[in-house]
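What follows is each chain in one-letter form.
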Amino acid sequence: MYSQLENLAHELRLWGVKSSAQRRCEAAIADGQHPSEMIQLLLEDERNVRREALAKRMVTKAKFRNSCQLEDWDISFERGISKAKFKELGLLNFYHNLENLIVVGKTGVGKTHLAIALGNRICQEANSTLFFSVNLLFEELMSEKVAGRYLKFIRKLTKTKALILDDFGLREYSHQEATSLLEVIEERYGKGVTILTSQVSPKGWIKLFEDPVIAEAITDRLCNPSCVIELKGDSYRKKRKKS
């Protein structure tokens, strides 16, 4: 009975309509729905399917290190972040307000987990996200410069809505690396958010760079405006290993 409708939806690539056509029609008959109500429900199904597909593409393009989700966060393990603050982060207020997010803490406390989980949440809202280890980002920037694709890569970093920089401050950075980082941050300023994880608090970033002027410029653009989350306590990674 519904094959013609499903075939037409398939032809028009309306996958949400196709998958729910029979269910929606049968429900409309049973409940005496107005045709406009049924059409609205079908279109909402189509919108949801498209959003889910777009979110999956965003996650694939982000190249996260793993598939951490906010739901996986062990709130019972004390890490200096309240349930209320964690819930607020999940609402992505910092993202919608165009505020950078700086996650600081010792190794193993869950900085990367939190950053990736928030990145996944941003992708679920169908927003572009990219994940980079800072050291690998510098290697890629150098590689793209040698290949003559540096500006194209900078534009890619600029256009993404959320850029996650993991493990910032594990070492000191060269003048060339500092200049490249400043260019990326400068181009992105006011256009998207940067989520940054580090074992070094912002006040210690100046010492990571040779040129104090560039260091101050980088720190200023990352911190203003920003939300700083300091994770505390023992390594959750060690806890998981023991259990």
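Rules used throughout
Residues numbered from 1 in each chain as written. Predicted model: local features only at pLDDT ≥ 70, side-chain atom pairs only at ≥ 80, totals over all residues. Heavy atoms only, no water. Pairing = 2+ DSSP bridges. Helix = DSSP H or I, 4+ residues; strand = E, 2+ residues; numbered from the N terminus. Axes fitted to C-alpha atoms, helices over the stretch in contact; angles between N-to-C directions. Contact = heavy atoms within 4.5 Å. Salt bridge = Lys/Arg side-chain N within 4 Å of Asp/Glu carboxyl O. Buried < 20%, exposed > 50% of the residue type's maximum accessible area, 1.4 Å probe, protein only.

Peer 1: When you look at the sheet that holds strand 4 (residues 193–198) in this model, what are you seeing that I'm missing?
Peer 2: Through backbone hydrogen bonds, the strands of a sheet pair up, either in parallel or in antiparallel fashion. Spatially, five strands are ordered 2-3-4-1-5 in an open sheet, and the strand pairing comes out parallel. Looking at the sheet topology across the chains shown, the edges are occupied by strand 2 (129–133) and strand 5 (226–230). Each strand axis lies, on average, 15° off the axis of its neighbour in the sheet, ignoring direction. Along the sheet, helix 9 (residues 175–188) contacts strand 3 (162–168) and strand 4; its crossing angle with strand 3, the most-contacted strand, is approximately 150°. Together, strand 1 (100–104), strand 4 and strand 5 form the strand contacts of helix 10 (residues 212–223), whose direction differs from that of strand 1 by roughly 105°.

Peer 1: Sorry if this is basic, but what is going on with the pattern of salt bridges here?
Peer 2: Side chains that differ in sign of charge can pair as their charged atoms come close. Evaluation of the coordinates by the stated rule reveals nine salt bridges. A salt bridge links Glu46 to Arg50; its shortest N-O distance comes to 2.8 Å. Highlighted residues: Glu46 and Arg50, both in helix 3 (residues 35–62), separated by four residues, approximately one helical turn. Exposure remark for Glu46: the relative accessible area of 5% places this residue in the buried category. One connected set of salt bridges, linked through shared partners, spans Arg23, Arg24 and Asp45.

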